[in-house]
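Residues per chain, in single letters:
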Amino acid sequence: MAPKVAVTEATGRQAASFVLGCVATLTVMLLFQYQAPPDYGRAARSPVQFSTSRDQLLLHCGGNGTAPPPPVIARGGEEANITGKPPTTATAVAEEQPPTKPPATSTASSPTHHIPATSTDLEEEGGEFRGLAAAVARAATDDRTVIITCVNHAFAAPDSLLDIFLEGFRVGDGTPELLRHVLVVAMDPTALTRCRAVHPHCYLYTMPGLDVDFTSEKFFASKDYLELVWSKLKLQRRILQLGYNFLFTDVDIVWLRNPFKHVAVYADMAISSDVFFGDPDNIDNFPNTGFFYVKPSARTIAMTKEWHEARSSHPGLNEQPVFNHIKKKLVKKLKLKVQYLDTAYIGGFCSYGKDLSKICTMHANCCIGLQSKISDLKGVLADWKNYTRLPPWAKPNARWTVPGKCIH
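None of the values given here were measured: they were computed from a predicted structure.

Participant: Run through the pattern of salt bridges, naming residues and quoting values.
Facilitator: One pass over the full model with this rule turns up 10 salt bridges. Taking the shortest distance from any N to any O, the salt bridge between Lys 232 and Asp 250 comes out at 3.7 Å. Of this pair, Lys 232 sits in helix 9 (residues 223-241) while Asp 250 is found in the loop between strand 4 (245-249) and strand 5 (253-255), placing the two residues 18 residues apart along the sequence.

Participant: So what about the sheet that holds strand 9 (residues 346-348)? Which residues, and what values?
Facilitator: Taken in spatial order, the three strands of this open sheet run 5-10-9, and their pairing is mixed. Single-partner strands in this sheet number two, and they are strand 5 and strand 9. Each strand of the sheet is rotated relative to its neighbour by a mean of 20°, with strand direction disregarded. Relative to strand 10 (residues 361-363), strand 9 runs parallel, the two being bridged by three bridges. Its bridge partner being in strand 10, Gly 348 is matched across the sheet by His 363.

Participant: Mind laying out the sheet that holds strand 4, listing which residues take part and the relevant values?
Facilitator: The strands making up a sheet associate through backbone hydrogen bonding, with each pair oriented either parallel or antiparallel. Across the sheet, which stays open at both edges, the seven strands sit in the order 3-2-1-4-7-6-8 with mixed pairing between neighbours. On the outer flanks of this sheet lie strand 3 (202-204) and strand 8 (338-340), each paired with one strand and no other. Going from strand to strand, the sheet's axes swing by 30° on average, the running direction of each strand aside. Pairing geometry for strand 1 (residues 145-151) and strand 2 (residues 182-186), over five bridges, is parallel. Its bridge partner being in strand 2, Thr 149 is matched across the sheet by Val 184. Packed on one face of the sheet, helix 8 (residues 189-198) meets strand 1, strand 2 and strand 3 and runs near 170° to strand 3.

Participant: Report on the state of the cysteines, specifying residues and quantitative values.
Facilitator: Cysteine pairs can be covalently joined through their sulfur atoms, and such a bond is termed a disulfide. Using the criterion set out here, one finds three disulfides in the structure. Disulfide partner of Cys 195: Cys 202, at an S-S distance of 2.0 Å. Between Cys 195 and Cys 202 the disulfide shows an S-S torsion of about -85°. By sign, it is left-handed. The pair formed by Cys 195 and Cys 202 is uniform in burial state, with each residue classed as buried. Here Cys 367 engages in a disulfide with Cys 406; their sulfurs sit 2.0 Å apart. Between Cys 367 and Cys 406 the sulfur-sulfur dihedral comes to about -65°; the bridge is accordingly left-handed. Highlighted residues: Cys 367 in the loop between strand 10 and helix 12 (370-389) and Cys 406 in the segment after helix 12, separated in sequence by 39 residues. On the basis of relative accessibility, which here comes to 11%, the residue Cys 367 falls in the buried class.

Criteria and cut-off values
- Numbers given to residues run from 1 along each chain, matching the order in which its sequence is written.
- Where totals are concerned, whole chains, interfaces and linings use all residues; where local detail is concerned, this predicted model gives features only for residues with pLDDT of at least 70, and gives and counts side-chain atom pairs only at 80 or more.
- Values reported for side chains reflect all heavy atoms of the structure, with hydrogen atoms and water molecules removed beforehand.
- Salt bridges are defined as contacts in which a side-chain nitrogen from Lys or Arg sits within 4 Å of a carboxyl oxygen from Asp or Glu.
- Working definition: helices are DSSP H or I runs of at least four residues, strands are E runs of at least two. Numbering for both runs from the N terminus.
- We call two strands paired when DSSP finds no fewer than two bridges between them.
- Throughout, an axis means a line fitted to C-alpha atoms (over the contacting stretch in the case of helices), and angles, computed between N-to-C directions, take values from 0 to 180 degrees.
- In what follows, residue pairs with any heavy atoms lying within 4.5 Å of each other are defined as contacts.
- Count a disulfide wherever a pair of cysteine sulfur atoms falls within 2.5 Å.
- Throughout this description, buried means an accessible area under 20% of the type-specific maximum (1.4 Å probe, protein chains only), exposed means over 50%, and partly exposed covers the range between.

What follows is the structure in structure tokens.
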């Protein structure tokens, strides 16, 4: 029986060896026969498709070389532009860029692109906005944000609204550094001369073909007043076309704290309120166009264009009630995101918070007459200076002096 067992074991070993040999041979054959398929897609790519900015590279790598996140899909199935910047094109690269400038105060995040204007160059010699791009570039922050106000001779005169406006920045909490980003737009040569005597960034806005004297005080709803307020909207649209964020502020507003902290990131436009119902997204809040922030985009440029064109269908009205009439249409048509600013922080004589520890700006709205505005804004500055001198334990009880001359 022993020889039979030996023969069986030998046969088993031979079978195992045969199977292992077949597996090894098959493996070698497969390795030699495999070839990677050619990458036709790679060969077909254009060199332009490989070009990318450093910001895009850091974004897609998470800033540290990690794998990119899945794309964010916007409404309609399109891939969302999560950088907030438009795609780089040959046309955009060819656009003239504003002069380079050293880093300055940062305010709100913004795109850093130049949005082309219409084919007509409005900044040519003798054009309506000649020199505006350079003036804005000198005043803007490093993230391309500029604060704008407008003055005429009456507003820029000594001891008038411009002096009060500038003093507010100087005595405010966290506002002195913002003053170098304020561009004062003069509506007449006399106002320009006065501006240059008290502030480094001034720009003369001339409107060819418009026969209006902007030097004197303009009474509410008068013909010259309407031309003055509507002309500012054209200037604001041009600044958006240049690719800058702007915060427009009437000169009868005192800045006491930095209001940019209250501008939401999602907003295309953040605007002050005459009447605020408590919800910043409530379209039924009553807007005040004396103080509003706008980001540059095709959407906001279209908004300012339609807003200005709506003047013809609302004769005799200034830009504020017209905006209130068309705001729902703009939001629906352009998908505009509007934020209304809380009057506890961005206040005015129409409606203001009682807590001086919160207030950022105070507007002399609901007030008629230049001298009334001057008198009561000086009272605001006096209240603020008294507040800042109080000991910490006494500040919670501080209150505003009721505006004495303004109609409210």
